[in-house]
Amino acid sequence: MFGFLIVLLCIGAYFHCKQNGCCHPHTPKKNHRDALDIVRARYARGEISSEEFNERKKTLE
């Protein structure tokens, strides 16, 4: 019975890691936005000026 529980725990951990991307540490996670997307969103919300947006965009590209 204890062995069966260990096997179920290992299978659950495998699928959890596969879903969250922790099995492949060099693969970027899907839910992380890149810096340019963040700058675009801040500009769209009016948090930064067009000059600041262009400056940061130039730096990031």
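Computed from a predicted structure; not experimentally measured. (Residues numbered from 1 in each chain as written. Predicted model: local features only at pLDDT ≥ 70, side-chain atom pairs only at ≥ 80, totals over all residues. Heavy atoms only, no water.)

Visitor: Which residues make up the overall build of the protein, and what values go with them?
Guide: Of the regular secondary structure elements, the protein holds three helices and zero strands. Reading the secondary structure of the protein in the N-to-C direction produces α-α-α. Expressed as a percentage of the 61 residues in the protein, the buried residues total 8%. Summed over all atoms, the accessible surface of the protein reaches about 5,600 Å², with 60% contributed by carbon and sulfur. (Helix = DSSP H or I, 4+ residues; strand = E, 2+ residues; numbered from the N terminus. Buried < 20%, exposed > 50% of the residue type's maximum accessible area, 1.4 Å probe, protein only. Areas by Shrake-Rupley, 256 points an atom, 1.4 Å probe, with all protein chains shown as cover.)

Visitor: Lay out helix 2 (residues 35-44) with the relevant residues and their values.
Guide: Those residues of helix 2 that fall on the buried side of the exposure criterion are Leu36, Val39 and Ala41. Here the buried face of helix 2 lies against helix 3 (50-60). (Contact = heavy atoms within 4.5 Å.)

Visitor: A description of the pattern of salt bridges should follow, citing residues and the corresponding values.
Guide: Applying the stated rule across the entire model yields four salt bridges. When the shortest N-O distance is used, the salt bridge between Glu47 and Arg42 registers 3.0 Å. The class of Arg42 is partly exposed, set by a relative accessible area of 25%. Here Arg56 and Glu52 are joined by a salt bridge, their closest N and O atoms 2.5 Å apart. Of this pair, Arg56 and Glu52 both sit in helix 3, separated by four residues, roughly a single helical turn. One salt-bridge network, in which partners are shared between bridges, spans Arg42, Arg45 and Glu47. (Salt bridge = Lys/Arg side-chain N within 4 Å of Asp/Glu carboxyl O.)

Visitor: Describe in detail a nonpolar patch on the surface, supporting the description with residues and values.
Guide: Taken together, the side chains of Val7, Ile11, Tyr14 and Phe15 define a hydrophobic patch exposed on the protein surface, amounting to about 390 Å² of accessible area. Position of Phe15 relative to the elements: it lies in helix 1 (residues 2-20). Relative accessible area serves as the criterion here: at 48%, Phe15 is assigned to the partly exposed category. (Patch = residues over 30% accessible without salt bridge, like charges linked within 9 Å, V, L, I, M, F, W, Y side chains within 5 Å.)

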